[in-house]
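# A look at the structure
So the chains spell out like this:
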Amino acid sequence: MTATDLGMPGSSRRTPAPPAGRLIDSPPFPVAAKQYLADSQLRANLHHATSTIRAKRARVTAELPNWEQLRLAGEAVKDRVARHLDYYLEELEQNLTANGAHVHWAADAAEANQIVVDLVRAKGVDEVVKVKSMVTQEIELNEALEAAGIAAWETDLAELIVQLGHDRPSHILVPAIHRNRAEVREIFLREMKLYGRAAPDSLDDEPRHLAAAARQHLRDKFLRAKVGISGANFMVAETGTLVVVESEGNGRMCLTLPETLISVTGIEKVIPTAADLEVFLQLLPRSSTGERMNPYTSMWSGVRPGDGPQEVHVVLVDNGRSRVLADPIGRKALRCIRCSACMNICPVYERVGGHAYGSVYPGPIGAILTPQLRGTAAAIDRSLPFASTLCGACAEVCPVRIPIPDLLVHLRHRVVDERKRSHLGLEQALMKGGGWVMASGPRFGLLERAGGLVQRVTGREAVGPLPWPASLWTRARDLPLPPEQTFRQWWRANRDPLCHPERSEGSLRDDEATTVTSVTSASAEAAAE
Amino acid sequence: MMSESRTTVALFATCINDVMFPDTPKATVLLLERLGCRVEFPEAQSCCGQMFTNTGYYKEALGSVRSFVTAFAGYDYIVSPSPSCLGSVREQHPMLAEWAGDKGLWREVEAVVARSYELTEFLVDVLGLTDVGAYFPHKVTYHPTCHSLRVAKIGDRPQRLLRQVKGLTLVPLPDAEQCCGFGGTFSLKNPDVSTSMAAEKARNVTSTGAEYLVTDNPCRLNIGGVLARSKSGIKTIHLAEVLAETEGGAR
Ligand code: SF4
């Protein structure tokens, strides 16, 4: 690798280069998942981290007698915002402006990035400090700034680890969840000196010492910075207030030290009134870090001479959100407050980690949000709605009650529908034939009799490894063969005379019977291929 | 037990039970009859359509919705031993009728859904029983399936019934509420993640030292497949089959 690849100072880059390639070009989920599953270190890290945080969340949510009411309230507020988004955004703009902020509207990532680049350039600086923010990752702001010769420094500890590690976040709350302390130490020793204050040579992998090294490294950047860039967890329309919730105090520094603050925020982050914060400031910390209250809640409600940023810009980003809003089912994903409880509880996420999702939003929320924001043209985005067993654990913990499994099914339907229009595959043929058979009890009964033959012919009760596609099942599991007599046959032989024959739909017409046989043989052929 | 006017129950056997696990609906018939019900099996029934719905094939699932209302209209008690299929009827059939824009079908669906019960709901809530007079002298552990917990929402009724079975020892399953990784077509579309989850579930089951794993049949296919491959010696069984066992008719 050359110095340019690594983003060394002296090369054209100012900050460490992230991995090459675009997220949207990631391989489909099952392919990536297989690769990450094989990484036992990653799985151990993830298991440890997610099970710890799961237990904490369970404890602190159980102690509130009104937890369910809070969730219902959160859902109701977010749904009201979705229904009247235009109204609340206008109110927000008015009140932000009255408070002395400049409001900018960005239809997509390119527009948002251009606005920020222009604002930073206008200040005549070539570096900014950043508070961890999902939307700036979504629009790839850091790379846009880099391309404009502006260095964006991440100041959240885990984001710093990711940035210095030439890496991508794999979790929305704990972006470096896939790294262990030994790796963090190596990254700090190797990279910090290239981008600012070096880590002490004596650095060991004690979390305390690692945090101290980060603090030293970042301090210079905080004190130097003229521009801070943040997102917002909430924006209050009624008061024109920006709310940032965090744990490390780096956010507080970015929001108060630099003269200029640029807050880049998704349009769905608006809430109607300050009173609504009562709900969300209880829901968010308990769901995300498992704390009763987060350590730092910063609220900006106006420019005050001599105190905090003197120039404030708010960039309101759409980037696909109004398209999501147009779908009354899909829009429920916009309720998300990015707490990460769904990924911490997800057994699929726990095994494969965030990178397998090919998106800045991993886990269950990523699986329902990314294919809506980016569309379903890319292979990864078409595979995401299927990256779940539909076990429903995510919906049970989601603080704003997003019915994640329902949305997954909704998006599966969208993907299948789009594919149906473009070409006909084996799966569709099987589903179509199967759907026709299952639409009628008698047809199904006839198919069953054909199936019974298999068992009689082979004379076995279960099978071990089989060729593809059955191998997908049988390489790790036995497959029992159906018993000789189906229930329907048993019923006819043992109970039928007792019941009411007039209730049955009647026998098959001859032509139907013929079709059932051909469906059966078609499926058998398909399976044999 | 039930008295003079016998309750008539329409059995929704479900397609997977019909073909792969006929002992489960058979046991349901025997159990309900033993408790004084008259059981009917409307032959027009086929399947809940869940495999189609959950894979995104709504149109293909609609036939199942129609056959379900045709088969079960007119019954006061529709009972199924499968929480997963019953959950699909409850949660997805109205959604599919709405998607199809078929108001009439939606009304019919709502009417049958209101009269549909998962077996343990019927036993505990309608018949008012937790002791069904069963005898099963074995050590068992119970895996509550995700759909029984979070879709059909049958709660702890299965455990309450199991605790009243004579001779039965119920041992807790570690991480019981964690998914076994089956997920219908997930097991084929994401086979690697699925088998990793199934293996962990099987490890937890083995750690209990139980002779039997009691669970619903889709998950039984999955976990049972791993238990069988590893020659663990642990047998799998459906709750209805446990409850149908009586002293004298020992397994
Ligand atoms: S979907 Fe729900 S649980 Fe997941 S991050 Fe968003 S708010 Fe949290």
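What you see is a predicted model; the values in this text were computed from it and never measured.

## A word on the overall build of chain B
- When its secondary structure is counted, chain B shows 13 helices and eight strands.
- In terms of overall dimensions, chain B is globule-like: its C-alpha atoms have a radius of gyration of 18 Å, near the 18 Å expected for 251 residues.
- Along the first, second and third principal axes, the C-alpha atoms of chain B reach 50 × 50 × 25 Å.
- The 251 residues of chain B split such that 65% are buried.
- In chain B, 79% of the contacts between residues at least 6 apart in sequence involve partners at least 24 apart.
- For chain B, the accessible area works out to roughly 8,600 Å², and carbon and sulfur atoms hold 51% of it.
- If you average the places of the 25 positive and of the 27 negative side-chain charges in chain B, the two averages end up 4 Å apart.

## What about the overall build of chain A?
- Secondary structure summary: chain A contains 25 helices and twelve strands in total.
- In chain A, buried positions account for 54% of the 529 residues.
- By sequence separation, contacts in chain A at least 24 residues apart represent 74% of the contacts at least 6 residues apart.
- Looking at chain A as shown, the accessible area adds up to about 22,500 Å², and 55% of this sits on carbon and sulfur atoms.

## Section: the domain arrangement of chain A
All names here are of chain A.
- According to the domain assignment, chain A contains domain 1 (37–65 + 344–423), domain 2 (84–155 + 226–319), domain 3 (172–220) and domain 4 (426–528).
- Computed over C-alpha atoms, the centres of domain 2 and domain 3 are 26 Å apart.
- Taken together, the contact between domain 2 and domain 3 spans eight residues of the former and six residues of the latter.
- Looking at the side of domain 2 facing domain 3, the largest losses of area belong to Lys 132, Met 134 and Trp 153, adding up to 55% of the total buried there.
- Inspection of the region where domain 2 meets domain 3 yields zero salt bridges.

## Topic: the domain arrangement of chain B
Residues and elements named next belong to chain B.
- You can read the domains of chain B as domain 1 (8–126) and domain 2 (139–244).
- Of note, the centres of domain 1 and domain 2, computed from C-alpha atoms alone, are 22 Å apart.
- Opposite the 27 residues of domain 1 that make contact, domain 2 presents 24 residues.
- For the pairing of domain 1 and domain 2, the buried interface totals around 2,000 Å² over both sides, and the portion due to carbon and sulfur atoms is 67%.
- For domain 1, the biggest contributors to the area lost against domain 2 are Phe 21, Pro 83 and Thr 120; these three give 24% of the whole.
- In this assembly, domain 1 and domain 2 are joined by one salt bridge.

## Examining the interface of chain B and chain A
- Listed by partner, the interface residues are 67 residues for chain B and 66 residues for chain A.
- A combined buried area of about 5,900 Å² lies between chain B and chain A, and 59% of that area is made up of carbon and sulfur atoms.
- Counting the surface chain B buries against chain A, the share from its top three residues, B:Glu43, B:Tyr57 and B:Arg229, is 13%.
- Joining chain B to chain A, the criterion identifies six salt bridges.
- For A:Arg495, the salt bridge identified is with B:Glu33, shortest N-O distance 2.7 Å.

## Some remarks on the environment of A:Met431
- For A:Met431, the location among the structural elements is in helix α21 (residues 426–438).
- On the basis of relative accessible area, A:Met431 is assigned to the buried category, the value being 6%.
- Spatially, the C-alpha atom of A:Met431 lies 31 Å from that of A:Ala493, the residues being 62 residues apart in sequence.
- Among residues more than four places away in sequence, those in contact with A:Met431 are B:Met51, B:Phe52, B:Thr55, B:Tyr57, B:Glu60 and B:Thr185.

## Some points on the side chain of A:Glu75
- Position of A:Glu75 among the secondary structure elements: in helix α4 (residues 67–83).
- Not counting chain neighbours up to four residues away, the residues in contact with A:Glu75 comprise A:Arg335, A:Val400 and A:Arg401.

## Concerning the environment of A:Arg181
All names here are of chain A.
- The topology assignment puts Arg 181 in helix α10 (residues 181–195).
- In sequence terms Arg 181 and Leu 210 are 29 residues apart; their C-alpha atoms lie 8.3 Å from each other.
- What Arg 181 contacts, discounting residues up to four positions off in sequence, is Asp 205, Glu 206, Pro 207 and Leu 210.

## Description of the pattern of salt bridges
- Within this structure, the stated rule accounts for 39 salt bridges over all chains.
- Between A:Arg292 and A:Glu63 there is a salt bridge, with the nearest N and O atoms lying 2.5 Å from each other. Highlighted residues: A:Arg292 in the loop between α13 (277–288) and β9 (296–300) and A:Glu63 in the loop between α3 (40–62) and α4, separated in sequence by 229 residues.
- A relative accessible area of 55% places A:Arg292 in the exposed class.
- The partly exposed category is assigned to A:Glu63, whose relative accessible area is 36%.
- Of the charged contacts, one joins B:Arg229 and A:Asp478 as a salt bridge, the two residues approaching to 2.7 Å between their closest N and O atoms. Of this pair, B:Arg229 sits in helix α12 (residues 217–229) while A:Asp478 sits in the loop between α23 (471–474) and β12 (479–480), which puts the two residues in different chains.
- On the basis of relative accessibility, which here comes to 24%, the residue B:Arg229 falls in the partly exposed class.

## What to know about the nonpolar core
- If you look at the biggest cluster of nonpolar residues, it comprises 149 residues, and the most contacted ones within it are A:Phe29, A:Phe188, A:Phe234, A:Val270, A:Ile368 and B:Phe72.
- The element best represented in this core is helix α4 (residues 58–72) of chain B, accounting for eight residues.
- Setting aside its immediate chain neighbours within four residues, A:Ile368 contacts A:Ala333, A:Ile402, A:Ile404, A:Leu407, A:Leu408 and A:Leu411.
- Core analysis: the second largest hydrophobic core is formed by 37 residues, B:Val29, B:Val39, B:Leu239 and B:Val242 among them.

## Points about the site of the ligand
- Lining the immediate surroundings of the ligand are A:Cys336, A:Ile337, A:Arg338, A:Cys339, A:Ser340, A:Cys342, A:Ile365, A:Cys398, A:Pro399, A:Val400 and A:Ile402.
- Class assignment for the residues of the shell around the ligand results in nine nonpolar, one polar and one charged.

## Overview of the sheet that holds strand β8 (residues 235–237) of chain B
Residues and elements named next belong to chain B.
- Taken in spatial order, the four strands make up an open sheet running β6-β5-β7-β8, and their pairing is parallel. Each having just a single partner strand, β6 (169–171) and β8 make up the two edges of the open sheet. Taking the axes of each pair of neighbouring strands and ignoring which way they run, one obtains an average angle of 35 degrees across the sheet.
- Pairing of strand β5 (residues 139–142) with β6 involves three bridges; the strand directions are parallel. Bridged to Thr 141 within β6 is Val 171.
- In the packing of α12 onto the sheet, the strands contacted are β7 (212–214) and β8, and the crossing angle to β8 comes to about 170 degrees.

## Considering the environment of B:Arg107
Residue and element names in this part refer to chain B.
- Residue position: Arg 107 is located in helix α6 (residues 103–113).
- Exposure remark for Arg 107: the relative accessible area of 54% places this residue in the exposed category.
- Distance in space between the C-alpha atoms of Arg 107 and Arg 66 is 12 Å, their sequence separation being 41 residues.

## Structural notes on helix α11 (residues 207–224) of chain A
Residue and element names in this part refer to chain A.
- The terminal C-alpha atoms of α11, which comprises 18 residues, lie 26 Å apart, in line with the 26 Å expected from a rise of 1.5 Å per residue.
- At Leu 218, α11 shows its maximal bend, which comes to roughly 30 degrees.
- Listed in full, the buried residues belonging to α11 are Leu 210, Ala 213, Ala 214, His 217, Leu 218, Lys 221 and Phe 222.
- Buried residues along α11 sit in contact with β2 (127–130), β3 (151–154), α9 (157–164), α10 and α12 (250–256).

Reading the values: the criteria
- Residues numbered from 1 in each chain as written.
- Chains lettered and ligands numbered in written order.
- Predicted model: local features only at pLDDT ≥ 70, side-chain atom pairs only at ≥ 80, totals over all residues.
- Heavy atoms only, no water.
- Helix = DSSP H or I, 4+ residues; strand = E, 2+ residues; numbered from the N terminus.
- Rg over C-alpha atoms; globule rule 2.2 N^0.38 Å.
- Buried < 20%, exposed > 50% of the residue type's maximum accessible area, 1.4 Å probe, protein only.
- Contact = heavy atoms within 4.5 Å.
- Areas by Shrake-Rupley, 256 points an atom, 1.4 Å probe, with all protein chains shown as cover.
- Lys, Arg positive; Asp, Glu negative; His and termini not counted.
- Charge placed at Lys NZ, Arg CZ, Asp CG, Glu CD.
- Domains from an automatic or database assignment.
- Buried area = accessible area lost by both parts, 1.4 Å probe.
- Salt bridge = Lys/Arg side-chain N within 4 Å of Asp/Glu carboxyl O.
- Core = buried A, V, L, I, M, F, W, Y, C linked by side-chain atoms within 4.5 Å.
- Near = heavy atom within 4 Å.
- Nonpolar A, V, L, I, M, F, W, Y, C, P; charged D, E, K, R; others polar.
- Pairing = 2+ DSSP bridges.
- Axes fitted to C-alpha atoms, helices over the stretch in contact; angles between N-to-C directions.
- Expected span 1.5 Å × (residues − 1).
- Bend = angle between axes of the 7 residues up to and from the residue.

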